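Each chain, letter by letter, is given below.
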Amino acid sequence: MFLGAFERVFAALPNKWDIKAVQDGASAFAALNESTPSFDLALIDIGLPDMSGLDVISETRQKFPDIPILVVTEFNSEQTLSSAIRLGAHGYLLKHESKQSLRTSIELVTQGQYWVSPSLTRNLFKLAGAPVAQTIPHDAVLTLRELELLQHISLGLTYTQCADVMHISLHTVRSHIRRIYGKLEVSNNRQAISKAKLTGAVFL
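Please read these numbers as outputs of a predicted model, since none were measured by experiment.

## Description of the sheet that holds strand β1 (residues 42–44)
Reading across from one edge, β1-β2-β3-β4 is the order of the four strands in this open sheet, with parallel pairing throughout. The strands lining the two open edges of the sheet, one partner per strand, are β1 and β4 (115–116). Two elements, strand β3 (residues 91–94) and β4, share two bridges in a ladder whose sense is parallel. From the neighbouring strand, G91 faces β4, where its bridge partner is W115.

Structure (structure tokens):
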């Protein structure tokens, strides 16, 4: 049933896609070994009947270093999310997400961006641990809410999606952005994300 949802989403995308579906890890390994040239996108479930999908992610990344990998799974643990990202996944989507989320995640990862289901983004903060304070001016210190917004943006969410995930208005999102730009002395989101990382993402 889920394969049918995939097919409908891919059919709605601008380019024509040829889908090769397999049911277990062994078949996935065989498909990877037979694939010349590389696939354009790998969608991998963690819960395979014969092995962990993490093994398939690892094999895919070793064989095709540049292929975008999107995890589509029911597993929502911090450990599984962390392992998938460290092994080279570009996106992590939970199966209960909408078709629009599936489409968005596919479009983003194939464009070289990253996607994590909004319900899992808080796990990224836990995995990263407490940010390390650096010597920066007091007025450049970001609040937790501002840092959360930057994290969502870095994962490819639009301002509207950020508003939905954070349960705030679009006007409030834009107000946060203006304050972030002012504190970090930047003029766009890319600069803000980069500078926040360089300063250690200090927050209150």
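## Some words on the nonpolar core
I57, Y92, I106 and L149 are the most contacted members of the largest nonpolar core, which totals 50 residues. Broken down by element, the residue count for this core peaks at five residues, all from helix α9 (residues 170–184). Among all residues touching I57, those that are not within four sequence positions of it are I44, I46, I69, V71, A84, L87, G88 and A89.

## A word on unusual backbone geometry
Residue H167 is not a glycine yet carries a positive backbone phi of 60°. Relative to the elements of secondary structure, H167 occurs in the loop between α8 (159–166) and α9. With a relative accessible area of 71%, H167 lands in the exposed category.

## Here we look at the pattern of salt bridges
All chains considered together, the criterion is met by five salt bridges. In this structure, K95 engages D45 in a salt bridge whose closest nitrogen and oxygen atoms are separated by 2.8 Å. On the criterion of sequence distance, the pair formed by K95 in the loop between β3 and α5 (99–110) and D45 in the loop between β1 and α3 (53–63) is long-range, its members being 50 residues apart. Residue D45 is classed as buried on the basis of its relative accessible area, which comes to 19%. The salt bridge partner of R103 is E107, with a shortest N-O separation of 3.0 Å. Linking R103 with E107, this pair stays in helix α5, spanning four residues, or about one helical turn. On the accessibility criterion, E107 (26% relative accessible area) is partly exposed.

Reading the values: rules and limits
- Here the residue index of a chain counts from 1 through its sequence in written order.
- At least 70 in pLDDT is required for a residue's local features to be given in this predicted model, at least 80 for side-chain atom pairs to be given and counted, and no such filter applies to totals for whole chains, interfaces and linings, which use all residues.
- Excluding hydrogens and water, the side-chain values take into account all heavy atoms of the structure.
- In short, DSSP must find at least two bridges between two strands for them to pair.
- The helix and strand labels rest on DSSP assignments: H or I over at least four residues marks a helix, E over at least two residues marks a strand, and numbering proceeds from the N terminus.
- Side-chain atoms within 4.5 Å are what join buried Ala, Val, Leu, Ile, Met, Phe, Trp, Tyr and Cys residues into a set we call a nonpolar core.
- Here's how the labels work: a residue is buried when its accessible area is under 20% of the maximum for its type, exposed when over 50%, partly exposed in between, all with a 1.4 Å probe on protein chains only.
- Residue contacts are defined here by distance: any two heavy atoms, one from each residue, within 4.5 Å place the two residues in contact.
- Put simply, a salt bridge is a Lys or Arg side-chain nitrogen that is within 4 Å of an Asp or Glu carboxyl oxygen.

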